[in-house]
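# Observations on the three-dimensional arrangement
The primary structure of each chain is shown beneath.
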Amino acid sequence: MTEIIVVTSGKGGVGKTTTSASIACGLARKGKKVAVIDFDVGLRNLDLIMGCERRVVYDFVNVIQGEASLKQALIKDKRLDTLFVLAASQTRDKDALTKEGVEKVLTDLSEDGFDFIVCDSPAGIEKGAFLAMYFADRAIVVVNPEVSSVRDSDRILGLLASKTRRAERGERVQEFLLLTRYSPTRVEANEMLSIADVEDILGLKALGVIPESSDVLNASNKGEPVVLDPESQAGQAYEDAVARLLGEDRPMRFTETNKKGFFSKLFRG
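Residues numbered from 1 in each chain as written. Predicted model: local features only at pLDDT ≥ 70, side-chain atom pairs only at ≥ 80, totals over all residues. Heavy atoms only, no water.

### Brief notes about helix H12 (residues 233-245)
With 13 residues, H12 extends 18 Å from end C-alpha to end C-alpha; this agrees with the ideal 18 Å at 1.5 Å per step. Of all 13 residues in H12, eleven are buried; the element is thus mostly enclosed. Turning to H12, its buried residues are Ala-234, Gly-235, Gln-236, Ala-237, Tyr-238, Asp-240, Ala-241, Val-242, Ala-243, Arg-244 and Leu-245. Contact partners of the buried residues in H12: strand E1 (3-8), helix H1 (16-29), strand E6 (138-143), strand E7 (174-182), strand E8 (206-211) and helix H11 (214-222). Capping of H12 at its N-terminal end is provided by Ser-232; its side-chain oxygen lies 3.2 Å from the backbone amide nitrogen of Ala-234. Where H12 terminates, the next one or two residues include Gly-247, which has phi positive at roughly 100°. (Helix = DSSP H or I, 4+ residues; strand = E, 2+ residues; numbered from the N terminus. Expected span 1.5 Å × (residues − 1). Buried < 20%, exposed > 50% of the residue type's maximum accessible area, 1.4 Å probe, protein only. Contact = heavy atoms within 4.5 Å. Polar contact = N/O pair within 3.5 Å; in protein donor to acceptor, adjacent residues only side chain to side chain.)

### Observations regarding the pairing of E7
Counting buried residues along E7, seven of its nine residues qualify, which places the element largely inside the surrounding structure. One ladder, built from six bridges, connects E6 with E7; its direction is parallel. Bridged to Val-143 within E7 is Leu-179. (Pairing = 2+ DSSP bridges.)

### Concerning unusual backbone geometry
Backbone geometry places Asn-190, a non-glycine residue, at a positive phi of 60°. As for its position among the elements, Asn-190 is in the loop between helix H9 (184-188) and helix H10 (195-202).

### Observations concerning the sheet that holds strand E4 (residues 83-86)
Reading across the sheet, the eight strands line up as E3-E4-E2-E5-E1-E6-E7-E8 and stay open at both edges, with mixed pairing between neighbours. The open sheet has two free edges, formed respectively by strand E3 (75-76) and E8, since each of these has just one partner strand. As paired elements, strand E2 (residues 34-38) and E4 share four bridges and run parallel to each other. Bridging across to E4, Val-34 finds its partner in Leu-83. The strands touched by helix H5 (residues 99-111) within the sheet are E1, E2, E4 and strand E5 (116-120), with E2 carrying the most contacts at an inclination of about 165°. (Axes fitted to C-alpha atoms, helices over the stretch in contact; angles between N-to-C directions.)

### A word on the packing of aromatic side chains
Summed over all chains, the structure comprises four aromatic pairs. Relative to Phe-114, the ring of Phe-84 lies with its centre 5.6 Å away and its plane at 80°, an arrangement referred to as edge-to-face. Within this pair, whereas Phe-84 is found in strand E4, its partner Phe-114 is found in the loop between H5 and E5, the two being separated by 30 residues in sequence. Among the residues examined, Phe-84 registers a relative accessible area of 17% and is labelled buried. (Phe/Tyr/Trp six-rings, centres within 6.5 Å; stacked < 30°, edge-to-face > 60°.)

### Points about the pattern of salt bridges
Scanning the model with the defined rule gives 17 salt bridges in all. Put simply, Asp-137 and Arg-166 hold a salt bridge, and the shortest N to O gap is 3.2 Å. With Asp-137 in the loop between helix H6 (127-134) and E6 and Arg-166 in helix H8 (residues 165-168), this pair connects stretches of sequence that are 29 residues apart. Judged by its relative accessible area of 25%, Arg-166 falls in the partly exposed class. In the salt-bridge network here, residues are joined through shared partners; they are Lys-30, Asp-240, Glu-248, Arg-250 and Arg-253. (Salt bridge = Lys/Arg side-chain N within 4 Å of Asp/Glu carboxyl O.)

As structure tokens, this is what we get:
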């Protein structure tokens with residue numbers, strides 16, 4: 001049975017698209033058939049991070065408006081045989097997405113045997129964000145460990161609990177917290193909220209904690225989701241998050257400062 005996962009947040013710039021790309025790649029590496037859809041009509045960044053921007057011929061809106069078939073619009077990833085990308089339109093208005101059109105695309109993907117559909121949501125609560133979350137079975141709420149990001153995400157949790165198809169049925173979307181740009185050093189200096197702080201405020205346990213790393217930007221610029229970089233701590237943290245999403249029990253890594261021992265301090269190691 002197909003599971004629909006929305007990657008969402010209250011504010012922009014927290015790493016939603018990076019997360020969508022890495023979660024989708026991570027699931028595909030586990031042998032799952034995955035489609036990742038960009039709901040950010042008018043901007044479109046997912047194809048850049050996935051490295052397939054030059055291969056976009058038809059987009060999500062073309063499919064919804066009957067200008068192309070889903071098969072024509074889906075872009076097969078060159079690295080992972082079971083991963084497909086559906087790009088957003090750069091030239092259409094956000095109202096081009098309709099609930100009926102989105103539902104048909106999701107239904108067609110489900111009937112085509114996809115295990116997971118990852119919906120990369122725009123920030124905030126506009127129409128694209130509402131449609132990205134409406135059909136979700138699970139939600140990954142991406143949060144930076146700072147007060148404004150946490151406050152905005154609390155509002156998103158309220159929408160997930162009240163404005164989704166599952167909510168209308170008296171059910172709940174399964175919610176997960178993903179912390180990005182986490183710096184243990186800044187937490188110790190009281191410049192950033194701790195994992196426990198964010199979990200306590202939002203009432204959610206962390207699915208993953210992605211450390212602050214230049215690897216994320218470098219990977220995005222190359223069109224290579226950071227989860228595919230085995231040397232990157234951020235990539236390893238995303239891989240751990242995917243494993244937990246699939247039910248594996250993995251300890252959190254990269255969440256504490258490296259305490260230097262006496263000899264390393266002595267020799268400036």
